[in-house]
Amino acid sequence: MKSQNSKKDSRLENDAVIALVYRVVRPLIEADGGSIEVLDIDKDSVTVRLGKACVGCPGVHYTKEFVLRPILEKALERAITLRVIWENPSGPALGASSVGMNS
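Residues numbered from 1 in each chain as written. Predicted model: local features only at pLDDT ≥ 70, side-chain atom pairs only at ≥ 80, totals over all residues. Heavy atoms only, no water.

A closer look at the overall build of the chain
Each helix and strand in the chain was counted, giving 2 helices and 4 strands. Mapped in sequence order, the helices and strands of the chain form the string α-β-β-α-β-β. Residues classed as buried in the chain amount to 30% of the 103 residues present. Long-range contacts, defined here as pairs at least 24 residues apart, represent 42% of the contacts in the chain between residues at least 6 apart. When the accessible surface of the chain is totalled, it reaches about 6400 Å², and 53% of it is carbon and sulfur. (Helix = DSSP H or I, 4+ residues; strand = E, 2+ residues; numbered from the N terminus. Buried < 20%, exposed > 50% of the residue type's maximum accessible area, 1.4 Å probe, protein only. Contact = heavy atoms within 4.5 Å. Areas by Shrake-Rupley, 256 points an atom, 1.4 Å probe, with all protein chains shown as cover.)

Shown next, in the form of structure tokens:
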């Protein structure tokens, strides 16, 4: 029974983190013409899709490392690997990159 409760707690935690990203981070990114979508939260890894103005933006590193990562790590109460899928403005996602792997 503990396993089911653990999965339920994890799912609730993930839903809360996703809601936080959409409530706090998304408006900041959209204000500069970008987009963000949370694709997956799995243990110590979070995958997001960044698109629109984020693709090719010289400041996207700062957004990831000094806005998105701290918010996610505080909400999840642990260090994370932040994976980014880049949205191709004219088609499907361009691929993934891991950003700031834990050392």
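Re the pairing of strand S1 (residues 34-42)
Along any regular strand, the residues point their side chains to alternate faces of the sheet. Direction of pairing for S1 relative to strand S2 (residues 45-52): antiparallel, over a ladder of 8 bridges. By the bridge assignment, Asp42 is partnered in S2 with Ser45. Counting the residues that bridge the hairpin from S1 to S2 gives 2 residues, and of these Lys43 lies at a positive phi of roughly 55°. (Pairing = 2+ DSSP bridges.)

Here we look at the environment of Cys54
Looking at the secondary structure, you find Cys54 in the loop between S2 and helix H2 (60-76). Here the alpha-carbon distance between Cys54 and Asp32, two residues 22 residues apart in the chain, equals 8.5 Å. If we ignore the near neighbours within four places in the chain, the residues touching Cys54 are Ile29, Gly34, Ser35, Val60 and Trp86.

What to know about the pattern of salt bridges
Overall, the coordinates contain 6 salt bridges when judged by the stated rule. With its nearest N and O atoms 3.9 Å apart, the salt bridge here joins Arg26 to Glu30. With a gap of 4 residues between them, Arg26 and Glu30 both fall in helix H1 (residues 2-31), about one helical turn apart. Residue Arg26 is classed as partly exposed on the basis of its relative accessible area of 26%. Take Glu30: its relative accessible area is 47%, and that puts it in the partly exposed class. Note that Arg78 is salt-bridged to Asp44, the shortest N-O span being 3.1 Å. Residue Arg78 is located in the loop between H2 and strand S3 (81-86), and its partner Asp44 is located in the loop between S1 and S2; the two are separated by 34 residues in the primary sequence. In this structure Arg78 comes out as partly exposed when scored by relative accessible area, which is 25%. A relative accessible area of 41% means that Asp44 is categorised as partly exposed. Here the salt bridges do not stand alone but share partners, grouping Glu13, Asp44 and Arg78 into one network. (Salt bridge = Lys/Arg side-chain N within 4 Å of Asp/Glu carboxyl O.)

Honestly, it's all geometry; don't read function into it.
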